[in-house]
Amino acid sequence: MADEVAFKIRDAFPLGTVDELVVQYLAGLNVDVDEEADDVVSVTKTMLESAVPQAQYAAALAQLIAELAKEVQDNAAKRGASARPKLQRLDNVIDMSKSGAMSNTIGFNEGVDLSSINKGKASQVDMKKLEKAEAKLKAKIEKRSRRDLYEGSKLLDMQKKQQNYEEMFLKVNSLESRTSAKGKSKDIHLPSIDVSFGSHRILSGASLTLAYGRRYGLIGRNGVGKSTLLRHIALREVPIPTNISILFVEQEIVGDDTLALESVLKADVWRDRLIAEEKQLNAKLAELEAIPSPEKADEIAKEEAQARLMEVHSNLTDIEAESGPARASQLLSGLGFTQEDMQRATRTFSGGWRMRLALARALFVKPDLLMLDEPSNHIDLNALAWLEDYLQTWEGTILVVSHDRAFLDAVATDIVYQHSSRLDYYKGNFAQFYATKTEREDAQKREYQAQMEYRAHLQAFIDRWRYNANRAAQAQSKIKILEKLPELEMPEESETERFRFPETEKISPPLLQLNEVTFGYTPEKIILKNANIDVGLDSRIAVVGPNGAGKSTLIKLLTGELTPMSGHMTRNGRLRVAYFSQHHVDTLTPNVSPVAFLASKFPGRTEQEYRQHLGSFGITGLTGMQVIHTLSGGQKSRVAFAALSLQSPHILLLDEPTNHLDIEGLDALMHALEIWNGGVIIISHDERFITTVASELWVCADGTVSKYYGDVKAYKKLIVDNIKSRP
């Protein structure tokens, strides 16, 4: 019945007009026997009128609402007397203690008259309070009935409107957590926590255990709620002890006229405030000492100021304020900022560099619990190599969400695996986790299979001899054994994803070549000079180098988006090139579903064919019908890959394709590229991805691109050694 209603709504309007979540909700509402027919019709009409452009589809909308209303009324009439009695609200409040005659309840419970029992007793209910409570309850119910379907989206909007950094910092981290927490335990052990995202339960009765000084990698599938858990911890919606300072790096900083170095120093709000207070106290003391004949009040004020100044000095010493500028400069240098960059206003930096500033600010504050959400997404391989090395000596606790296995192997001492609304803990880095998890799953499967076989053996014996006089006692004994066996849950099957790019036809070389190409946006600022590269169907090239060295410029030259200033580019006339941009989200239409997006870009297929194609990139079920802006970053990446594959390319140019993909999605992408018969050029910071997919490593640096004769590990070691050797 619900499927018929959903089909009618979808059939009445073009594909994607009504959001699939609205369709499913209305389908369930229209067949709900507990709802009043008038209410169902009213809600259905309101939601459809808000979801469908009335100017365009007025006639179809009116006809659909009329059909649905008739069906609802007919179904209600059929239920008739069998439906539960309709509840009615009394016009006036009735005081039962004052009602006369025989109680209406005398026929129940063996003739006990509730009215006679309470006769003569004054009512203990405050009628005004009762009416007030009923009014509040009514308002709450009405508010709930108007609640938006996309509660998760509303929560995201709330987070976007949250306080600025300074207000949030002061709210979450007290000065006492920085200065008077010495000697107190900074371990976190919460045996049972619940975390929700809108109406969706992320964790239920999960145990959160973080030992101070350990570095935890938080992993799990896209959409399981890893980032949501970090936000709840950051806002102390999870009861973290107040003596533990917390900082969560999630969003880039807002650009303004503050210099980059000054921005990092201001990140430690308490340091900034204590230094400002120190200046105020010194100025006040100077004024008091300048008074020729101080009165008693002046002496008292001077003593109070001196006492407070001593406290401020003590606090500044505790948080190592004097070493601030040197530490901030070191952090910015490690993340790729030059001395000139450090003196630039933050508004002059791009989004990626502002994310680096946000990371430097968090490292500068040195919180007891540092939380990072995909830190490798916004930095190049050079900065990532430095960050891995720096975090290995971090004194506090780290909780990091990352899909980069090499990063987790280098940094993590423990792995937290989030799945099925719980958290599982594994000692060691990702490689050790994967081995342990595989062994644990194999052991669980063997134990489960063995018990199932034993149960089947016992049950067979019981079924055969239960009613045999000679064997009845043995059968009863087996029944008791069977009842005492522990109930084992069937082990979860590990889900494996598979991406698939279509086979490409052979075309004769040369496909794509750059010969002595030079490019710059102005003649004074040359980005690439004398670049030479030859791309064929068998090419597997990884391009690395610092941000701003020209990696993305090289890709845009190969796509034809940019024209060389000099040199020559050769391109086969039959060649099809597909480009995955680092900012691929901008290429998606946010207010339509993935199915509707593909239909608009590549028309001519049925809805089922689009859904099957999306399914080959991990977008399954109702996810293909959700509005794109409600999808996670990894799901948006999958939609972008699905669109790329429909271009049937000969060459794939992928700029940071691993950003936002979970580990399973990354494995699927690597497998798809390994077996694909076209050419691949990738820009990536992910060591394992580069090692698996690429056979050649090219480095963009010093205005040119050249082949590097070594592997990624050797290149990263070279970068870290160079940074450490700086004066």
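This text goes with the structure placed above it.
Description of the structure in this document. In this text the structure is predicted, and so the values were computed from the model without any measurement.

Thresholds, definitions, all that
- Residues numbered from 1 in each chain as written.
- Predicted model: local features only at pLDDT ≥ 70, side-chain atom pairs only at ≥ 80, totals over all residues.
- Heavy atoms only, no water.
- Pairing = 2+ DSSP bridges.
- Helix = DSSP H or I, 4+ residues; strand = E, 2+ residues; numbered from the N terminus.
- Salt bridge = Lys/Arg side-chain N within 4 Å of Asp/Glu carboxyl O.
- Buried < 20%, exposed > 50% of the residue type's maximum accessible area, 1.4 Å probe, protein only.
- Axes fitted to C-alpha atoms, helices over the stretch in contact; angles between N-to-C directions.
- Patch = residues over 30% accessible without salt bridge, like charges linked within 9 Å, V, L, I, M, F, W, Y side chains within 5 Å.
- Areas by Shrake-Rupley, 256 points an atom, 1.4 Å probe, with all protein chains shown as cover.
- Lys, Arg positive; Asp, Glu negative; His and termini not counted.
- Charge placed at Lys NZ, Arg CZ, Asp CG, Glu CD.
- Core = buried A, V, L, I, M, F, W, Y, C linked by side-chain atoms within 4.5 Å.
- Contact = heavy atoms within 4.5 Å.
- 1 Å grid on protein atoms, 1.4 Å probe; cavity = no way out; pocket = protein on both sides within 12 Å on 5 of 7 lines; lining within 4 Å.
- Points joined across faces, edges and corners; volume = space filled by probe spheres on them.
- Phe/Tyr/Trp six-rings, centres within 6.5 Å; stacked < 30°, edge-to-face > 60°.
- Lys NZ or Arg CZ within 6 Å of the ring centre and 35° of its normal.
- Polar contact = N/O pair within 3.5 Å; in protein donor to acceptor, adjacent residues only side chain to side chain.
- Expected span 1.5 Å × (residues − 1).
- Arc of directions from axis to C-beta.

### With respect to the pairing of strand E9 (residues 512–522)
As paired elements, E9 and strand E12 (residues 566–571) share five bridges and run antiparallel to each other. Residue pairing for E12: Leu514 is matched across the bridge by Met569. By the bridge criterion, seven bridges tie E9 to strand E10 (residues 525–535) in an arrangement that is antiparallel. Within E10, the position partnered with Val517 by the bridge is Ala531.

### As for the pattern of salt bridges
Applying the stated criterion to the full structure yields 24 salt bridges. For Arg344, the salt bridge is made with Asp341, and the minimal N-O distance between the two is 3.1 Å. Residue classification places Arg344 among the partly exposed residues on the basis of a relative accessible area of 32%. Accessibility expressed as a relative area gives 14% for Asp341, which makes it buried. Across the pair Asp721 and Lys717 runs a salt bridge, and its minimum N-O distance is 3.1 Å. Of the two residues, Asp721 and Lys717 both sit in helix H27 (residues 712–724), four residues apart, roughly one turn of that helix. Given a relative accessible area of 39%, Asp721 falls into the partly exposed group. One network of salt bridges, in which partners are shared, links Arg221, Arg638, Asp662 and Glu664.

### Describing the sheet that holds strand E11 (residues 540–544)
The sheet built from six strands is open, its strands ordered E13-E14-E15-E11-E16-E17 with mixed pairing. Looking at the sheet topology across the chains shown, the edges are occupied by strand E13 (577–580) and strand E17 (704–708). Across this sheet, the average inter-strand angle for adjacent strands is 20°, counted without regard to direction. Direction of pairing for E11 relative to strand E16 (residues 696–701): parallel, over a ladder of four bridges.

### Re a negative patch on the surface
Residues Glu35, Glu36, Asp38 and Asp39 make up a contiguous surface patch of negative charge. As for its position among the elements, Glu35 is in the loop between helix H2 (20–30) and helix H3 (37–51).

### Quick word on the nonpolar core
With 99 residues, the main nonpolar core has Leu363, Leu391, Phe501, Phe641, Leu654 and Leu673 as its most contacted residues. With ten residues, the top contributor of residues to this core is helix H16 (residues 351–365). Not counting residues up to four positions away in its chain, the partners in contact with Leu363 are Arg327, Leu331, Leu370, Trp386, Leu387, Tyr390, Leu391 and Trp394.

### Concerning the environment of Ser593
By the secondary structure assignment, Ser593 is in the loop between E13 and helix H22 (594–601). Sequence separation of Ser593 and Leu631 is 38 residues, and the distance between their C-alpha atoms is 9.6 Å. With residues near it in sequence (within four places) discarded, Ser593 still touches Gly624, Met625, Gln626, Val627 and Ile628.

### Brief notes about empty space enclosed by the protein
This structure, assessed with the given rule, holds four cavities of 30 Å³ or more. The space that makes up the largest cavity amounts to roughly 80 Å³. Val249, Met355, Arg356, Leu359, Leu372, Asp373, Glu374, Pro375, His378 and Ile379 are the residues that line the largest cavity. Elements that contribute at least two residues to the lining of the largest cavity include exactly H16 and strand E5 (369–373). For the lining of the largest cavity, the leading source of residues is H16, giving three residues.

### Remarks on the packing of aromatic side chains
Overall, the coordinates contain 15 aromatic pairs when judged by the stated rule. Judged by centre distance (5.5 Å) and plane angle (70°), the ring pair of Phe337 and Phe349 falls under edge-to-face. Here the residue Phe337 occupies a position in the loop between helix H14 (324–334) and helix H15 (339–342), and Phe349 occupies one in the loop between H15 and H16, the gap between them amounting to twelve residues. Comparing Phe337 with Phe349 shows no difference in burial state: the two are buried. Note on Phe499 and Phe617: the rings are 5.3 Å apart at their centroids and 45° apart in plane angle, and the pair reads as tilted. Of this pair, Phe499 sits in the loop between helix H20 (472–484) and E9 while Phe617 is found in the loop between helix H23 (607–615) and helix H24 (633–645), placing the two residues 118 residues apart along the sequence. Using a relative accessible area of 3% as the deciding quantity, one classes Phe499 as buried. Each member of the aromatic cluster is reached from another via a ring pair, and the members are Phe499, Phe501, Phe580, Phe617, Phe641 and Trp676. Directly above the aromatic system of Phe349 lies the positively charged group of Arg344, at a separation of 4.1 Å from the ring centroid.

### Section: the side chain of Ser539
Tracing the chain through its elements places Ser539 in the loop between E10 and E11. A polar contact is formed between the side chain of Ser539 and the backbone nitrogen of Gly536, at a distance of 2.7 Å. Ignoring anything within four residues of it in the chain, the contact list for Ser539 reads Asp534, Gly678, Gly679 and Val680.

### Side note on H20
Spanning 13 residues, H20 covers 19 Å between terminal C-alpha atoms, matching the ideal 18 Å at 1.5 Å per step. Regarding H20, the residues found buried are Ala475, Ile479 and Leu482. Viewed along the axis of H20, the buried residues span an arc of 65°, placing them on a single side of the element. Of the exposed residues in H20, those oriented more than 90 degrees away from the buried face are Ala473, Lys480 and Lys484. Elements in contact with the buried residues of H20: helix H19 (430–465).

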